[in-house]
Amino acid sequence: MKNKYKVGGLFSGIGGIELGFEKAGFSIEWANEYDKDACKTYRANYNHMLFEEDIHNLNGSQLPDVNILTGGFPCQAFSVAGYRKGFDDHRGNLFFQIMRLVDEMSHKPEVLFLENVKNFKGHDKGKTFEVVCREIASRGYSIFHDVLNTANYTNIPQNR
């Protein structure tokens, strides 16, 4: 693929979302992860730039330009397995850090690819999802969303 689309990743963990984009022919430019152990695994699998720090410390104007910004932001605040405190949980507010970085970036990514758990869409009777959609749309993005089950797309024998 000539002129590959460039991808930057937030909340990258060990790089699962980046791996999918890489296998599809995209160029991963950089990633961000805070967890030290996840960073060790990430560095063992990738050679591109890894910002190993809290997202609060990133400055969007200093991040390399990308066409696509990914983010599997923390799900514990929205998951049925957690307390479902949503935006009342500090982890639930990390979505707004993604929006802050988009606002700060010198070149706004053409695509935001965000991932979370199944319950995210219905959390707080859909109010959480409405807030997120409103925030994204206010920055000029069109929104396309779906709840996908990996068992329908992979050989993984789990409903996730």
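This is a predicted model, so every value here is computed, not measured.

### What about the pattern of salt bridges?
Here the structure, examined in full by the defined rule, presents six salt bridges. Residue Lys36 pairs with Glu52 through a salt bridge whose shortest N-O separation is 3.8 Å. Taken together, the positions of Lys36 in helix α2 (residues 36-45) and Glu52 in the loop between β3 (49-51) and β4 (68-71) put the pair 16 residues apart, joining distant regions of the chain. The class of Glu52 is partly exposed, set by a relative accessible area of 28%. With a closest N to O distance of 2.8 Å, Arg139 and Asp103 form a salt bridge. One end of the pair, Arg139, is in the segment after α4 (127-137); the other, Asp103, is in helix α3 (residues 95-104), with 36 residues separating them in the sequence.

### A word on the packing of aromatic side chains
Under the counting rule described, the total for this entry stands at six aromatic pairs. When the ring of Phe21 is compared with that of Phe113, the centres are 5.2 Å apart and the planes differ by 85 degrees; the resulting orientation is edge-to-face. One end of the pair, Phe21, is in helix α1 (residues 16-23); the other, Phe113, is in strand β5 (residues 111-114), with 92 residues separating them in the sequence. On the accessibility criterion, Phe113 (37% relative accessible area) is partly exposed. Grouping aromatic residues by their ring pairs yields a cluster made of Tyr5, Phe21, Phe26 and Phe113. The ring of Tyr141 carries the charged tip of Lys108 above its face, separated from the ring centre by 4.7 Å.

Quick notes on the rules
Residues numbered from 1 in each chain as written. Predicted model: local features only at pLDDT ≥ 70, side-chain atom pairs only at ≥ 80, totals over all residues. Heavy atoms only, no water. Salt bridge = Lys/Arg side-chain N within 4 Å of Asp/Glu carboxyl O. Helix = DSSP H or I, 4+ residues; strand = E, 2+ residues; numbered from the N terminus. Buried < 20%, exposed > 50% of the residue type's maximum accessible area, 1.4 Å probe, protein only. Phe/Tyr/Trp six-rings, centres within 6.5 Å; stacked < 30°, edge-to-face > 60°. Lys NZ or Arg CZ within 6 Å of the ring centre and 35° of its normal.

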